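# Structure at a glance
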Amino acid sequence: MRTLWLLAAATLLAQNSPETTPDRKITFRLSPPKAESVAVVRGDMPGATPTFPMTKNADGLWETTVGPFTPGAYRYRFTVNGVTTVDPRNPASSESNNDIWSLALVPGS
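Summarised in this report is the structure supplied together with it. (Residues numbered from 1 in each chain as written. Predicted model: local features only at pLDDT ≥ 70, side-chain atom pairs only at ≥ 80, totals over all residues. Heavy atoms only, no water.)

This brings us to the pairing of strand 6 (residues 62-66). Side-chain positions along a regular strand alternate between the two faces of the sheet. Taking every second residue as pointing to the same face, the buried face of strand 6 carries Trp62, Thr64 and Val66, while none of Glu63 and Thr65 on the other face is buried. Relative to strand 6, strand 2 (residues 26-30) runs antiparallel, the two sharing 5 bridges. Paired with Ile26 across the two strands is Val66, which belongs to strand 6. Pairing geometry for strand 5 (residues 55-56) and strand 6, over 2 bridges, is antiparallel. Bridged to Lys56 within strand 6 is Trp62. (Buried < 20%, exposed > 50% of the residue type's maximum accessible area, 1.4 Å probe, protein only. Helix = DSSP H or I, 4+ residues; strand = E, 2+ residues; numbered from the N terminus. Pairing = 2+ DSSP bridges.)

This paragraph deals with the side chain of Asn90. Mapping Asn90 onto the fold places it in the loop between strand 8 (83-85) and strand 9 (93-96). Looking at Asn90, the relative accessible area reads 12%, which means it is buried. When near neighbours in sequence (up to four residues on either side) are disregarded, Asn90 contacts Ser17, Pro18, Tyr76, Ser102 and Leu103. (Contact = heavy atoms within 4.5 Å.)

According to the stated counting rule, one finds 4 aromatic pairs in the structure shown. Here the aromatic rings of Phe28 and Phe78 are separated by 6.4 Å at their centres, their planes lie at 85 degrees, and the arrangement is edge-to-face. Residue Phe28 is found in strand 2, and its partner Phe78 is found in strand 7 (residues 72-80); the two are separated by 50 residues along the sequence. With respect to class, Phe28 is no different from Phe78; both count as buried. Relative to Phe78, the ring of Tyr76 lies with its centre 5.7 Å away and its plane at 75 degrees, an arrangement referred to as edge-to-face. As far as burial versus exposure is concerned, Tyr76 and Phe78 are alike and both buried. Here the aromatic residues Phe28, Tyr76 and Phe78 are joined through ring pairs into a cluster of three or more. One residue, Arg77, lies across the ring of Trp101, its end atom 3.7 Å from the ring centre. (Phe/Tyr/Trp six-rings, centres within 6.5 Å; stacked < 30°, edge-to-face > 60°. Lys NZ or Arg CZ within 6 Å of the ring centre and 35° of its normal.)

Written as structure tokens, this is what we have:
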């Protein structure tokens, strides 16, 4: 039991979301237990669809990389099995009307 807890804690600590790369792409990661479908709901991020689907890796971590984006702050949320949530690993947030969003920052001028 303790080993399972340590593995889960290590996965959560290793989860860095969002992660912005020097080429201005953003990687989103989430490790929801028992998830069957996970996606990034883009707020004001450019894109052709309202969501960016995520894929699950061998460690159970869901992730996707999108972009590149122009420098700025972009709002996003996750949808897990159809339920919308903010990024639990990201303290940066933005309120919009009655909604709250997580923020991904792309540095630059």
